[in-house]
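Now for the letters of each chain:
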Amino acid sequence: MTDFDATDRAILRALSRDASQSAGTLGRRLDLSQPATWRRIKRLRDAGVISGTRLILDREKLGFGVTVFLGVKLATKGRISLEDFERAVTAIPEVQTVEHVLGLYDYRLRVVARDLSDFERVLRRRIMTLPGAGHVEANVLLSEERLPGPLG
Amino acid sequence: MLDDTDRRILRQMQADPDLPLSALAGRAGVTAATLSRRLERMREIGVLLGKRAEINWQALGYTIEVSLRITLDKTQSRAFDDFLEAARKVPEVIEIQTFLGQVDVRLAVIARDIPHYQEIYRARLLTLPHLADVEALMHVSRIKDNEVFPV
């Protein structure tokens, strides 16, 4: 791991909230020149610390009223292939994230739907029919907040 | 509220948020003037809220990520408020979600390694107020992580 100082962490904090600000604007707030800020951002990107940019959209205004997290346990392990499950689940457009986890469940999925009946359709037609899907637990998202994390 | 042109723009923007506007107009099949008008309108009605940089905590030395699924003692009327307020103060907590279902709250927690995680877990997390039950899921890998909306 390369060393990053307090200024780098301040840049990360700022960009993780708002990535649309220019190096000039960000630099002025941190008392850095535009080229110096730009170089630091480039270094953070090159080192993979900034792995990409995400669009922030209002999911309700986009028409996705329901977000559900599913814990999926695979049925008979060993008889089914993880790759088959992963390939099939990744292809479902309503499934936004797929995480392989250790513990009570094997996979954790984030699913968006227009409303509860739309979610039921996705669950029945897409999720329950996945190769190897066993027990499924659902939790409906009420609120969500991202925190800056340990950036000093 | 959104028409096919808006949706086409949003699909292209979600696929590559760093795309310059001229290239975005080309991919979405609209003129630069139409694009800027549509973007302006989507910002005005609050669909398009902005952009954020995605931090790769692994590259910063945080190799462990754990999902803590928490049940609260709901006989306490301030259980949610007290718990959330205290959880926000733990620097290693990077995400807080509340649910309707078997789980009340989920915390995403990062740590440098297993001993570091144990330290945070014992000193900062098990001591959070109104905690009734905790289950941990250790992240192995992210198979899909684009959070794209199927517009």
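Residues numbered from 1 in each chain as written. Chains lettered and ligands numbered in written order. Predicted model: local features only at pLDDT ≥ 70, side-chain atom pairs only at ≥ 80, totals over all residues.

Describing the overall build of chain B
Consideration 1: On a plain count of helices and strands, chain B comes out with five helices and five strands.
Consideration 2: Listed N to C, the secondary structure of chain B is α-α-α-β-β-α-β-β-α-β in terms of helices and strands.
Consideration 3: Compactness check: chain B gives a C-alpha radius of gyration of 21 Å against a globular reference of 15 Å for 151 residues, more than 25% above the reference.
Consideration 4: A principal-axis box enclosing the C-alpha atoms of chain B has dimensions of 55 × 35 × 25 Å.
Consideration 5: Buried residues in chain B amount to 32% of all 151 residues.
Consideration 6: The long-range fraction of contacts in chain B, counting pairs at least 24 apart against all pairs at least 6 apart in sequence, stands at 63%. (Helix = DSSP H or I, 4+ residues; strand = E, 2+ residues; numbered from the N terminus. Rg over C-alpha atoms; globule rule 2.2 N^0.38 Å. Buried ≥ 20, exposed ≤ 12 C-beta atoms within 10 Å, placed from the backbone. Contact = placed C-beta atoms within 7 Å.)

Let's talk about the interface of chain B and chain A
Consideration 1: At the junction of the two partners, chain B supplies 52 residues and chain A supplies 54 residues.
Consideration 2: When contributions to the side of chain B that touches chain A are tallied by element, the ones reaching two or more residues are helix H1 (4-15), strand S1 (48-55), strand S3 (93-100) and strand S5 (131-145) of chain B.
Consideration 3: Among the elements that make up the side of chain B that touches chain A, the one with the highest residue count is S5 of chain B (11 residues).
Consideration 4: For the side of chain B that touches chain A, the class distribution of residues is 28 nonpolar, 12 polar and 12 charged.
Consideration 5: Across six bridges, the pairing between strand S3 (residues 95-102) of chain A and S5 of chain B is antiparallel. In the strand pairing of S5 of chain B, leucine 102 of chain A is matched with methionine 138 of chain B. (Nonpolar A, V, L, I, M, F, W, Y, C, P; charged D, E, K, R; others polar. Pairing = 2+ DSSP bridges.)

Some details on the sheet that holds S5 of chain B
Whenever strands of a sheet pair, they do so through backbone hydrogen bonds, lying parallel or antiparallel.
Consideration 1: Reading around the circumference, S2(A)-S4(A)-S3(A)-S5(B)-S2(B)-S4(B)-S3(B)-S5(A) is the order of the eight strands in this closed barrel, with antiparallel pairing throughout. Ignoring which end each strand starts from, the neighbouring axes of this sheet average 35° apart.
Consideration 2: Judged from the seven bridges that link them, strand S2 (residues 64-72) of chain B and strand S4 (residues 105-111) of chain B form a sheet pairing that is antiparallel. Among the inter-strand pairings, leucine 68 of chain B is bridged to a residue of S4 of chain B, identified as leucine 107 of chain B. (Axes fitted to C-alpha atoms, helices over the stretch in contact; angles between N-to-C directions.)

A short note on the domain arrangement of chain B
Consideration 1: As assigned here, chain B comprises domain 1 (4-44) and domain 2 (57-138).
Consideration 2: With centres defined by C-alpha atoms, the gap from domain 1 of chain B to domain 2 of chain B works out at 38 Å. (Domains from an automatic or database assignment.)

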